[in-house]
Amino acid sequence: MNATWTNLLPLGIVLSSLLPGLLIFTLREEQTRLRVALNLTGVLLKLGLVGLMLWGVARGLEFRFSIPFLPGGELVLQGDALSLQFVSLSTVLWLATTIYAIGYLEDAPLRSRFFGYFSLCVSATVGLALAGNLVTFLLFYELLTLATFPLVVHRGTPQALQAGRVYLTYTLGGGALLLMGVALLHSLTGSPQFSAGGYLLPLLETRTPSLILAFALLVGGLGVKAALLPLHGWLPQAMVAPAPVSALLHAVAVVKAGAFGIVRVVYDVYGVEPVQALGLHLPLLALAAATIIYGSLKALQQRELKKLLAYSTVSQVSYITLGVALMGPIAAVGALAHLVHQGLMKVTLFYCAGNFAETLGVHRIREMDGIGQRMPLTMTAFTLAALGMIGVPPTAGFISKWYLGLGALETGQSGILLVLVLSGLLNAAYFLPLIYRGWFATPKAPWPAAATARAGRPGWRETHWMLLAPTLFTAALALLAGILAGTGFSPLGWSQLIINREFDL
Amino acid sequence: MTLALASLLLPLGTALLMLLLRLRSGIWVIAASLGSLLCAGLALHEVIEQGVQTLAIGGWRTPLGIRFELSSLTAVLLVFTAMTHLLVAIYAQHSRHSHARNTDYWPLSGLLHASLAALWLSRDLFNWYVTLELLGLVAVAMIILSGPRAHAPALRYLLLSLAASLCYLLGVALLYGRYGVLDLDLLAQASEADHSTRMALLLMTVGLMLKAALWPLHLWLPAAHSSAPTAVSALLSALVVKGPLFILWLLWSRVAPVDMTESAGLLFALAGIVALLAGGWAALRTPLLKTLVAYSTVAQLGYALLALGLLLRWQQSELSVALWLFVLAHGLAKVSMFLAAGEMQATLGSKRVASLKGATQTMPVAMFAFAVAGGSLIGLPPSGGFVAKWVLLQPLLLEPIHWPWALGVLLGTLASAAYVFRVVALSFDRADATPPDYDPDPFAQWLALLPAIAVWGLALFSQPLILWLSEASG
Amino acid sequence: MNGLLWLLVPGAPLLAVVLLLCAGPRRCAGWLWLSCLPALLLSLWPAEPLALPALWPGAQWAADDLLSRAWLGFSALLWACASRFAVTDIASTDHQQRFWLFWLLALLGNLLLVIAADAGSFYVGFTLMSLCAYGLVAHRRGPVPRQAARLYLQLAVVGEMLIYAGMLLRIHEAGGALALEAWRDTPTGAWTAALLLVGFGLKAGFWPLHVWLPLAHPAAPAAASAVLSGAMIKAGILGLWHFLPADDALLQHWSAWLLAVGAISALYGVALGLLQTRSKALLAYSSISQVGYLLVILALAWQQPAYREAAATLLALYAVHHGLAKGALFMGAGLSTRVRFQTWHWLCLALPALALAGLPLTSGAAVKLLFKEGIDAGNLAGWMFLLVIGSAGTMLLMLRLLWLMRASQRQANLPPMAGSQRLPWLLLCLMPVLLPWLWSPLRQAMLDSLPLYAIWAALWPALLALAIGLLVWKQGWQLPPRLRQLPNPARVASVRLMHLLHWPPVPALRKPLDERLWRHSERRWNRLWQVGTVATSAWIIVLLLMLGWLG
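Residues numbered from 1 in each chain as written. Chains lettered and ligands numbered in written order. Predicted model: local features only at pLDDT ≥ 70, side-chain atom pairs only at ≥ 80, totals over all residues. Heavy atoms only, no water.

Peer 1: I keep staring at the interface of chain B and chain C and nothing clicks. Help me out?
Peer 2: Think of interface size as the accessible area that goes away when the parts come together; that is how it is often given. Listed by partner, the interface residues are 17 residues for chain B and 14 residues for chain C. Across the interface of chain B and chain C, roughly 1,600 Å² is buried in total on both sides, 74% from carbon and sulfur atoms. Counting every contact that joins chain B to chain C gives one salt bridge. Between Glu522 of chain C and Arg285 of chain B there is a salt bridge, with its nearest N and O atoms 2.7 Å apart. Remark: the boundary between chain B and chain C carries one residue pair in polar contact (both at pLDDT 80 or more). Elements represented by at least two residues in the side of chain B that touches chain C include exactly α6 (151-179), α8 (195-212) and α12 (258-285) of chain B. (Contact = heavy atoms within 4.5 Å. Buried area = accessible area lost by both parts, 1.4 Å probe. Salt bridge = Lys/Arg side-chain N within 4 Å of Asp/Glu carboxyl O. Polar contact = N/O pair within 3.5 Å; in protein donor to acceptor, adjacent residues only side chain to side chain. Helix = DSSP H or I, 4+ residues; strand = E, 2+ residues; numbered from the N terminus.)

Next up, the structure:
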């Protein structure tokens, strides 16, 4: 392999966060400026590189980096349209979350460790997105588990440890299943590069039981991170992590890794035709639908804001799986667009929850009464994101639901429309009361005087600017992704590009 | 071949000199290990360039003389042995918790190194007996170094080791009586499936399994390994138990008649699965840190046993690649784990797992080493353990009829994940951190991390490694 | 190029939002009515259609037919007047910025849905309007507005979701086409039609989907009630008109039922309205009744595809007529409790009231004439008596309205009317009389209603109602107390639902494993193996050897 820039660019994208991350580990606590500088350099560098790759892929350039690894399975990093969608999402949200985390953890202990793992986590996510075959995907999938665990237990309290243990139990179990699935497929054909339409069609007749078992193992393994129904237990627990971690976990890193993996497995490993021939999409569809409803019902029962958001993630991420399992191009566009949309909206919601908790000590839902007067901008962002989650136009969530619903009709699964409607009602049932409390209820007690650093009056100075700016940024993106959905660079437009290539339209 | 011999003789000579001159300084052993490592590395290069080499000692040909054979596997094992010794020697010399400065540790470790090297090179049943006996005695002597509390486990180890040697010797005698040769290749050509061969193989297997602490004859291992000084634990777990395994592998894959291997293979494989689960469970439940690591050795040897068993059952030579990858990955990881565990145990002043609360803050590098090495034991990519497991899984998963074995591997993976992360999760407990008794020693911690990084690096190096190992087994 | 002017319609309210956030309500509230101006101007001089590929899929804005232009015009006019009116109306309340924010966004949504030429834009505008109206209904403090707003929101969300499902089904039926134009000729399925009828019906508020109306209108500030009743509920009718096909066998089949629903709604509104003791509640019921007529027009159009052209005109005229008149009445009802009325105020107020009752020379007479023609066209002569009863009932309702307003004037110390409210209100009050002269389609209809027989036909039910009213007054009849306090199952259900959502049934936690018992048995098991390493190993060796020997 000759080292041209197109070959090295995927590696560069991974390293641009990995190297700063490793350097940050070696820093002392008090080297704040250097740490911030390293962080921001990494973010901006990655942003630039991703931009370069976007430009290249839109022009039809091929980006592929590979080194030998296992027999029949190289380590391949490649940039195609699908991976770029996820990479761009991760990079943009990493930028926002880094700034948020710097503000959030100001004067907190163990920041070097935190930011080190934080960078590793993003590197693993990006690597997973760029992975060019199943072996590489597996590698980064497991690395992601390892990199996120220290973040989940970062607070080091008994609850955090308990959550961390649960998290590990689920994710390592899932990782083991995934390993088995990947190894099973590898034993049949090796691990060729992901390709639109999959590469398992020739084996369809001869290896039916193996393919079915491998699919079950892969979906089982990925379903843990994607929080599919019986495997979702870790997600609500993991919300004890600091807010930026929850935000990243729920919006990009972990749950999306699972969902993205399902997209990859269905479209680029198996292919639509074999999955349908084996009848594998129907159980997946049922599982996704059940998860959507179940997550919303559980969210309704929660009293804590972050727990509610966590269960809402369980529900919302399954939209992606649902769209994939519908096996039609329109639903697939919806699923891929939702991958980005849900990320933007959920990250905003977690930022807001973090802002409430950090500035005013608000953790429980009933403490939110009248918070819109004290923190109007944060509450506005919260409102926008929550409405998006319900699927209210013209936010991003509406676009996802539109395409998912149409896709369901296109493939003849009209029952899914009922699931979407029911989920929308349930979403409204648990998000609208929050909005009501924020804007219309009267506070039960006067707000506590905020600490000087995060002090402020309602408005631009309602909290630390590093907490407020990312919140507003992602909220604006979530809104714009819906309003400007028709443009080519919107998540919807890009998803359409991917699906056109995938379904050969 | 000269180089391989040098790799053997350098530590041997150093050890003998130290015994004679009553020198107890680690520098010499470090130098000898370094020299041995260089020689072994060059020998590996030579093998790759020129193929398998043999040496008849003293010019005597078989069946009368003693034959040394240098295959690529042997060369890799020589490198691995020398490397481990070098690393552990540096640790023992440097760390204030090693209990090795100016003790008999140094000549003994040289002897250990030499006997292992001889074991890898030999292809002769009686020669193996000699090396095994030496290995066992040296190991017992080294365990006793840690003081009176280690006497009871050491004694038990000694007794069982002697019993094992006896079994092995009986088997050798039976074979010699039946065929009149001791050289492996000659035996392989001559062996037939009759009752005395069977009995001999049985005796030798029981002996070797006892020495290698393979389930169900592993009972001595946890106490012995955990009570030894840290450096010794590392050597014992990483290297000593692998010697008998090497013999077992050669014996069954070369000498044993095919119709016997199939039934024995099933038993080996089943024992392997049980070892994985039982060892994993014990490691999960034990309250002591080094015992946990020792039980993890029992569990990990289960992988090797499983690979051996399936290799015998299906006559698939690529599984021996998996076997040796497991051995290498486990060895490196275990060195790292024992060094880290010993260092943390000494610094934090308690043998209990529970004392590791907050270790990620007080001893970050050691804890990181423990976690990274543990990752390889679990088989997380891209580590050596992952590659080994991957190679093992490939033939298992190909046919639906073999899937139950894969289930065993899955359960073993989950068990190892459980005990590794039991420790790792605890170490993140910031609320109730154990304060260290001493200043943590960064150099020792980094030394512990080194093999852990090496085992992850093994994955990137896996393609040539797999090639060499498959050459040796093919 | 001039299609881009459509951007001003939603752009102006957005600009107003920015202005509001920057300058605060005290300084700029008086000028916010200007944000309706582009819409008003564009309704008079429409620009060419505008396609916006950058927005959500299929976005396309236009108002090129009579219906859309009329709708845009009256909506803009009503919102403008109400905006100006609201400044004084809410001056004494808290949270003005919040009110104005929701107001402007609801305005934006309402205008957007009128100019929408595609399903997406319509739905965006419709939802924005529906949800933001919550802020208007819930503006006042206290449990009554809160309950009313909650019921409103619950039904609005349900309606949204039904429309969402119906819209997707409709897109699917149309093969992915999003333009409303294309839907006109696409046949609809039964589910689609049912979902859309219920979904939009919840907004339009015809019987039996009207339950939120009588609660929400009295609770909201007068200006908000005016736009809610005048403009917003009609969006449901407009949605049905646009979303469902023109010539469709299914709808033709259903139209008889829809006619019945419309008729029931018209009479039910009147009957329940007469029982009310508060003027705004009465007006809310009157809206239910009037929406019933609108539904009848829709049903007629579906029943007689040939009549659709005329029905479109009638729908436009009726919407304009009712929207403006009802707006004026709601404002008047709001004023009557707060300011002292002069005689000429009463005269002004009587104009929209009489127009609603269909007196000659007003817009009411014109639309009633057209309405009769529609019923004739539908060969439904048997329904004519319902129309008569309806207009007599409406007249009675208006008399009672004036009566109730007079009653609320009895309190002492009412201040005189402020200048800022007088102008927009007067403008709306005069509209029913002025508009027939200014707007040609309406003028034609009104001129047609001027012949004597037509005047008589319009007049005698009103006179009958007047006679009944006089009789009641002379006799001094009172409402029986049982009828004053009718049970309201919708409110009860809404509160129950709220309770269910706030305190959902949570299943009890499972009891964890008994750890002590577990630990105990584990210790026993361990002890079993701790007898002695050597002995156990020796036994195992022996056992293995024996097994090997035997086997």
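This is not the end of the story, as more comes after the structure.
Peer 1: What am I meant to see in the packing of aromatic side chains here?
Peer 2: Each aromatic ring pair is characterised by the separation of its centres together with the angle its planes make. Applying the stated criterion to the full structure yields 53 aromatic pairs over all chains. Plain terms: the ring middles of Tyr430 of chain A and Phe431 of chain A are 4.9 Å apart, the flat faces sit at 45 degrees to each other, and that makes the pair tilted. No difference in accessibility class separates Tyr430 of chain A from Phe431 of chain A, as the two residues are buried. Note on Phe246 of chain B and Trp324 of chain B: the rings are 5.6 Å apart at their centroids and 65 degrees apart in plane angle, and the pair reads as edge-to-face. One end of the pair, Phe246 of chain B, is in helix α11 (residues 242-255); the other, Trp324 of chain B, is in helix α14 (residues 318-348), and 78 residues separate them in sequence. Residues Phe246 of chain B and Trp324 of chain B agree in their burial class; the two are buried. Note that Lys225 of chain A overlies the ring of Tyr141 of chain A, its terminal NZ or CZ placed 3.7 Å from the centroid. (Phe/Tyr/Trp six-rings, centres within 6.5 Å; stacked < 30°, edge-to-face > 60°. Buried < 20%, exposed > 50% of the residue type's maximum accessible area, 1.4 Å probe, protein only. Lys NZ or Arg CZ within 6 Å of the ring centre and 35° of its normal.)

Peer 1: Explain the environment of Leu287 of chain A here, please?
Peer 2: All names here are of chain A. With respect to the helices and strands, Leu287 occurs in helix α12 (residues 281-300). Since its relative accessible area comes to 30%, Leu287 is described here as partly exposed. With 34 residues separating them along the chain, Leu287 and Thr321 place their C-alpha atoms 8.9 Å apart. Ignoring any residue separated from it by four or fewer positions in sequence, one finds Leu287 in contact with Leu228 and Pro230.

Peer 1: I keep staring at the nonpolar core and nothing clicks. Help me out?
Peer 2: Grouped burial of nonpolar side chains is what soluble globular proteins tend to show. Within the largest apolar cluster, 587 residues are counted, with the highest numbers of intra-cluster contacts made by Tyr270 of chain A, Phe370 of chain B together with Trp103 of chain C. Ranked by residues supplied to this core, first place goes to α14 of chain B with 20 residues. Beyond its immediate sequence surroundings of up to four residues, Tyr270 of chain A is in contact with Leu185, Gly197, Gly198, Leu200, Leu211, Ala214, Phe215, Leu218, Val265, Val275 and Leu280 of chain A. The next biggest cluster of nonpolar side chains, apart from the first, holds five residues, and it includes Ala357, Leu359, Met395 and Ala462 of chain C. (Core = buried A, V, L, I, M, F, W, Y, C linked by side-chain atoms within 4.5 Å.)

Peer 1: Honestly, the state of the cysteines in this entry has me stumped. Any pointers?
Peer 2: Two cysteines joined by a covalent bond between their sulfur atoms form a disulfide. Across all of its chains, the model carries zero disulfides over all chains by this definition. Cys352 of chain A takes part in no disulfide bond, and the closest cysteine sulfur, belonging to Cys132 of chain C, lies 18 Å away. Assessed through its relative accessible area of 0%, Cys352 of chain A is described here as buried. With no disulfide partner, Cys429 of chain C has as its closest neighbouring cysteine sulfur the one in Cys348 of chain C, 5.6 Å distant. On the basis of relative accessible area, Cys429 of chain C is assigned to the buried category, the value being 0%. (Disulfide = S-S within 2.5 Å.)

Peer 1: Sorry if this is basic, but what is going on with the side chain of Ser462 of chain B here?
Peer 2: Inspection of the secondary structure assignment puts Ser462 of chain B in helix α20 (residues 462-473). Within polar-contact distance, the side chain of Ser462 of chain B engages the backbone oxygen of Ala459 of chain B at 2.8 Å.

Peer 1: What is the right way to look at the pattern of salt bridges in this model?
Peer 2: Considering all chains together, one arrives at 21 salt bridges over all chains under this definition. Between Asp268 of chain A and Arg264 of chain A there is a salt bridge; the shortest N-O distance is 2.6 Å. Residue Asp268 of chain A and its partner Arg264 of chain A are both found in helix α10 (residues 253-270); the two are separated by four residues, about one turn of the helix. Each of the two residues, Asp268 of chain A as well as Arg264 of chain A, counts as buried. Taken together, the shared-partner salt bridges connect Arg67, Glu69, Arg123, Asp183, Asp185 and Arg254 of chain B into one network.

Peer 1: Teacher, can you tell me more about empty space enclosed by the protein here?
Peer 2: Here the idea is plain: a probe the size of a water molecule rolls over the atoms and shows the empty space left. All names here are of chain C. Tallied over the entire structure, the rule returns ten cavities of 30 Å³ or more. In this structure, the largest cavity occupies an estimated 150 Å³ of space. Contributing to the lining of the largest cavity are 16 residues, with Ala263, Tyr293, Val296, Trp383 and Leu386 lying nearest its centre. The greatest single-element share of the lining of the largest cavity, amounting to five residues, is contributed by helix α12 (residues 249-274). Grouping the constituent residues of the lining of the largest cavity by class yields 13 nonpolar, three polar and no charged. In this model, the second largest cavity occupies a volume close to 120 Å³. Lining the second largest cavity are 16 residues, and of these Gln290, Tyr293, Tyr318, Leu356 and Lys368 lie nearest its centre. Secondary-structure elements contributing two or more residues to the lining of the second largest cavity are α13 (279-303), α14 (308-336), α15 (343-357), α16 (363-377) and α17 (384-408). Partitioning the lining of the second largest cavity into residue classes produces eight nonpolar, seven polar and one charged. (1 Å grid on protein atoms, 1.4 Å probe; cavity = no way out; pocket = protein on both sides within 12 Å on 5 of 7 lines; lining within 4 Å. Points joined across faces, edges and corners; volume = space filled by probe spheres on them. Nonpolar A, V, L, I, M, F, W, Y, C, P; charged D, E, K, R; others polar.)

Peer 1: Before we go on, may I ask you to explain the interface of chain A and chain B in this structure?
Peer 2: Each partner contributes to the interface: chain A provides 43 residues, whereas chain B provides 37 residues. Interface area for chain A against chain B, summed over the two sides, is near 3,400 Å², with a carbon-plus-sulfur share of 76%. Interface area lost by chain A to chain B is led by Phe69, Leu70 and Met180 of chain A, which between them contribute 17%. Between chain A and chain B we count one salt bridge in total. With a closest N to O distance of 3.8 Å, Glu399 of chain B and Arg207 of chain A form a salt bridge. In this structure, the connection of chain A to chain B is made through eight residue pairs in polar contact (both at pLDDT 80 or more). Among the elements of the structure, β1 (63-70), α4 (111-130), α5 (134-152), α6 (158-189) and α7 (208-225) of chain A are those that each provide at least two residues to the side of chain A that touches chain B. Residue contributions to the side of chain A that touches chain B peak at 16 residues, all from α6 of chain A.

Peer 1: Mind showing me how you'd approach α14 of chain C here?
Peer 2: Counted at 1.5 Å a residue, the expected span for α14 of chain C with its 29 residues is 42 Å, and the 40 Å between its end C-alpha atoms agrees. Across the 29 residues of α14 of chain C, 26 count as buried, placing the element largely inside the fold. (Expected span 1.5 Å × (residues − 1).)

Peer 1: How should a nonpolar patch on the surface be read in this particular structure?
Peer 2: Residue and element names in this part refer to chain C. A contiguous nonpolar surface patch, about 910 Å² in accessible area, is contributed by Trp403, Trp456, Trp460, Leu463, Leu464, Leu466, Ile468, Leu470 and Trp473. Broken down by element, the residue count for the nonpolar patch peaks at eight residues, all from helix α20 (residues 452-475). With respect to the helices and strands, the residue Leu470 is situated in helix α20. (Patch = residues over 30% accessible without salt bridge, like charges linked within 9 Å, V, L, I, M, F, W, Y side chains within 5 Å. Areas by Shrake-Rupley, 256 points an atom, 1.4 Å probe, with all protein chains shown as cover.)

Peer 1: Honestly, unusual backbone geometry in this entry has me stumped. Any pointers?
Peer 2: Among all residues except glycine, the phi angle is most often negative; among peptide bonds, the trans geometry is most common. A cis amide bond links Pro381 of chain B to the next residue, Pro382 of chain B, at an omega of -5 degrees. Counting through the fold element by element, Pro382 of chain B comes out in the loop between α16 (364-378) and α17 (384-398). The step from Trp207 of chain C to Pro208 of chain C runs through a cis peptide bond, and the omega angle for that step is 0 degrees. Note on placement: Pro208 of chain C falls in the loop between α9 (190-204) and α10 (213-219). One non-glycine residue, Met327 of chain A, lies in the positive phi region at around 70 degrees. Tracing the backbone through its elements, the reader meets Met327 of chain A in the loop between α13 (305-326) and α14 (329-360). One non-glycine residue, Gln315 of chain B, lies in the positive phi region at around 55 degrees. Tracing the sequence through the fold places Gln315 of chain B in the loop between α13 (289-314) and α14.

Peer 1: I tried to follow the packing of helix α5 (residues 125-144) of chain B against α6 of chain B on my own but got confused; where do I start?
Peer 2: Between two packed helices, both the angle of their axes relative to each other and the distance between the axes serve to describe the pair. Residue and element names in this part refer to chain B. The contact between α5 and α6 brings their axes to 9 Å, and the two run at 175 degrees. In terms of orientation, α5 and α6 fall into the roughly antiparallel class. Each of Leu125, Phe126, Trp128, Tyr129, Leu132, Glu133, Gly136, Leu137, Ala139, Val140, Ile143 and Ile144 in α5 lies in contact with α6, whose residues at this interface are His151, Ala154, Tyr157, Leu158, Ser161, Leu162, Ser165, Tyr168, Leu169, Val172 and Leu175. Of the residues that constitute the contact of α5 with α6, the class distribution is 18 nonpolar, four polar and one charged. (Axes fitted to C-alpha atoms, helices over the stretch in contact; angles between N-to-C directions. Parallel < 35°, antiparallel > 145°, perpendicular 65-115°, else oblique.)

Peer 1: How do you make sense of the packing of α6 of chain A against α17 of chain B when you look at a structure like this?
Peer 2: Packing of α6 of chain A against α17 of chain B brings their axes to within 8 Å, and their N-to-C directions diverge by 60 degrees. On the basis of their axis angle, the class for α6 of chain A and α17 of chain B is oblique. Handedness of the crossing formed by α6 of chain A with α17 of chain B: right-handed. Taken together, the residues of α17 of chain B that come into contact with α6 of chain A (itself represented by Leu179, Met180, Val182, Ala183, Leu184, His186, Ser187 and Leu188 of chain A) are Phe386, Lys389, Trp390, Leu393, Gln394, Leu397 and Leu398 of chain B. Per-class residue counts for the contact of α6 of chain A with α17 of chain B are eleven nonpolar, three polar and one charged. (Left-handed = near helix turned anticlockwise from the far one by under 90°.)

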